[in-house]
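Survey of secondary and tertiary structure
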Amino acid sequence: MTTRNDIERVLWKACDSFRGKIDSSRYKDYILSMLFVKYLSDVTLERRALYMEQYDGDERRVERAMSRERFSLDRESTFDYLYENRTDTEIGQKINVALSHIEDHNSGKLRNVFRAIDFNSQVDFGDVKEKNATLRNLLEDFHDLDLRPGQLGSADIIGDAYEYMIANFASDAGKKGGEFFTPSQVSELVASLVKPQENDRIYDPTCGSGGLLLKAYKKVPSGKVAVYGQELNAQTWALCTMNMFLHGVDDARIWQGDTLSNPQNLEDDKLMKFQVVVANPPFSLDKWDSGFLSNAVLDSKGKKPEKMNASLDPWGRFDWGVPPSSKGDYAFVLHMLNSLDRSHGRMAVVLPHGVLFRGASEGKIRSQIVEHNLLDAVIGLPANLFYGTGIPACILVFRKDRISRGVDNVLFIDASAEGNFEKGKNQNLLRDTDIQKIVDTYKKRETTPKYSYRATLDEIRENAYNLNIPRYVDTFEEEAPVDIQAVKKNIADIEAELAQVQEQMKKYLDELGL
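For the structure on display, the rule yields 31 salt bridges. In this structure, the salt-bridge partner of Glu 188 is Lys 215, at a minimum N-O distance of 3.9 Å. You can see Glu 188 sitting in helix H10 (residues 184-194) and its partner Lys 215 sitting in helix H11 (residues 211-217), a full 27 residues away along the chain. On the basis of relative accessibility, which here comes to 24%, the residue Glu 188 falls in the partly exposed class. The partner of Arg 201 in a salt bridge is Glu 267, and the shortest N-O contact between them spans 2.7 Å.

Have a look at this one:
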């Protein structure tokens, strides 16, 4: 049997084949793509063997059965073929051709998934001799790994190993790692807060490698949900598409492009609506409006507008205000709120604390959100949870059914204090008990001293729509009272002892004639 440890061991061995030659932000794509090809090949190998036995070697019937499988693979696209040709001087091109065939034969699920990767790249691999040696090592690293489903302990092993490596690459990539991966425990918390149900549409407009979407998907054991996402970076989009496929979410619709200026979640010329929205958008994205400005039509003077305004958005998402160009947080929030189902929409988004109190247009947007009774909870997280940034973040929870449910308060939770997380060497962690405490508090909507507070909308108005958590959750710890008399006595004792020491020192000096 092949265990997750076996897979991870091979993946780390493959990393060693690249270290010192290519930056990890690049070689992760080659390694994870090869893992994907090996998995497809081994599944095909096992299925074909089963059909050969079932149909007594009748090739025609076997081919007909294979055509009905999840995916199709020709001989030149299999890992075994590539391994047999590992010493070929054109091995890089052969791998590229294999990937192209996989895309062509599975265009409904894997179209363009390998378009951003080139196994023949001189930029990444150097000259032909070095490139061929690296690729030969890579193929040999994977050769003995058996990924046939019958040899895997569970259906989730391959997908979990894939996500494990994405997490490690994110950690290695530092700040850039946060762009394509949300820590697993944060994803688990976000998914638990929105409670996906059967027949829900689940959407992540900045889905990265898809971990947050998958956490939400797994909250519905039957899998009877529709998964949607969009990702700007082409390489990360490919990671997400493969991640979905390896977890058996074949019908996930993952779009590639700028969610803000070019949203793909369209239906009947309107923004699609989703029952569940989860996201960890890039914190305070600078120049988020560049796509709008570059695509704007010329005015009467033949010039394009220099500043973003609500009229430039055909979907009307910025009627409550236009966020500053240097801070894209509320641009994503407004997009998500406009994509949320009007009756049962639930949304949880990870954001920097600045969204809670920054003024100007963000303050106006915040007031509109509160007055429309959409904000359900504000949850402060511990610092240093995320890759590449030590700043603390928060989760904002929104619901579209608050008015119909008669809810007119906002729950504030401060989960940032010591005791609410595990301190790590490089990164802090939310434990299962920490996550459960947050979720239980959110469900009960109770005020807990130094942890949570249920604020009325009037209280928020009195605070000028400032949502900074310390305004609502008092975490001040009183210091023990100081006994002044005891302190005075202690000082007197020390002074007396000092006088004795000085007197003794004087005697010694006199004896020495000094």
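More follows now that the structure is in view.
Another aspect to go through is the packing of aromatic side chains. Scanning the model with the defined rule gives 18 aromatic pairs in all. Relative to Tyr 55, the ring of Tyr 51 has its centre 6.1 Å away and its plane inclined at 15°; by these criteria the two rings are stacked. Each member of the pair, Tyr 51 as well as Tyr 55, is classed as buried. Ring centres of Phe 292 and Phe 318 lie 5.9 Å apart, and the angle between their planes is 80°; this geometry places the pair in the edge-to-face category. A residue pair is termed long-range when its members are at least 10 positions apart, and Phe 292 in helix H13 (residues 290-295) and Phe 318 in the loop between H13 and helix H14 (329-338) qualify at 26 residues. On the accessibility criterion, Phe 292 (5% relative accessible area) is buried. Through successive ring pairs, a cluster of aromatic residues spans Phe 18, Tyr 27, Tyr 30, Phe 119 and Phe 125. For Arg 115, the ring lying beneath its charged end belongs to Trp 237, and the centroid distance is 5.2 Å. Over the aromatic face of Tyr 451 sits the side chain of Lys 437, whose NZ or CZ is 4.1 Å from the ring centroid.

All right, on to helix H15 (residues 360-371) then. With 12 residues, H15 extends 17 Å between its outermost C-alpha atoms, agreeing within 8% with the 16 Å of an ideal straight helix rising 1.5 Å per residue. When H15 is considered as a whole, its buried residues turn out to be Ser 361, Glu 362, Gly 363, Ile 365, Arg 366, Ser 367, Ile 369 and Val 370. Where H15 is buried, its residues contact H14, strand E8 (375-380), strand E9 (393-399) and helix H17 (457-462).

Moving on to unusual backbone geometry. Positive phi outside glycine occurs at Asn 112, with the angle close to 65°. Relative to the helices and strands, Asn 112 is located in the loop between helix H6 (107-110) and helix H7 (122-125). Taking the relative accessible area as the measure of exposure, Asn 112 reaches 31% and is therefore partly exposed. You will see that Asp 269, though not glycine, has its phi angle at about 60°, which is positive. Position of Asp 269 relative to the elements: it lies in the loop between strand E4 (266-267) and strand E5 (270-271).

Now for a positive patch on the surface. A cluster of basic residues, Arg 60, Arg 61, Arg 64 and Arg 68, forms a positive patch on the protein surface. Relative to the helices and strands, Arg 64 is located in helix H3 (residues 59-66).

Quick look at the environment of Leu 351 now. If you trace the backbone, Leu 351 turns up in strand E7 (residues 346-352). Given a relative accessible area of 0%, Leu 351 falls into the buried group. For the pair Leu 351 and Asp 329, spaced 22 residues apart in the sequence, the C-alpha separation amounts to 7.0 Å.

Running from amino to carboxyl end, H14 crosses H15 at an angle of 25°, the nearest separation of the two axes being 11 Å. One element, H14, and the other, H15, form an angle in the roughly parallel class. Judged by the twist between their axes, the crossing of H14 over H15 is left-handed. Contact with H14, carried on its side by Tyr 330, Val 333, Leu 334 and Leu 337, involves Glu 362, Ile 365, Arg 366 and Ile 369 of H15 and no other residues of that element.

Cut-offs used in this document
- Residues numbered from 1 in each chain as written.
- Predicted model: local features only at pLDDT ≥ 70, side-chain atom pairs only at ≥ 80, totals over all residues.
- Heavy atoms only, no water.
- Salt bridge = Lys/Arg side-chain N within 4 Å of Asp/Glu carboxyl O.
- Helix = DSSP H or I, 4+ residues; strand = E, 2+ residues; numbered from the N terminus.
- Buried < 20%, exposed > 50% of the residue type's maximum accessible area, 1.4 Å probe, protein only.
- Phe/Tyr/Trp six-rings, centres within 6.5 Å; stacked < 30°, edge-to-face > 60°.
- Lys NZ or Arg CZ within 6 Å of the ring centre and 35° of its normal.
- Expected span 1.5 Å × (residues − 1).
- Contact = heavy atoms within 4.5 Å.
- Patch = residues over 30% accessible without salt bridge, like charges linked within 9 Å, V, L, I, M, F, W, Y side chains within 5 Å.
- Areas by Shrake-Rupley, 256 points an atom, 1.4 Å probe, with all protein chains shown as cover.
- Lys, Arg positive; Asp, Glu negative; His and termini not counted.
- Charge placed at Lys NZ, Arg CZ, Asp CG, Glu CD.
- Axes fitted to C-alpha atoms, helices over the stretch in contact; angles between N-to-C directions.
- Parallel < 35°, antiparallel > 145°, perpendicular 65-115°, else oblique.
- Left-handed = near helix turned anticlockwise from the far one by under 90°.

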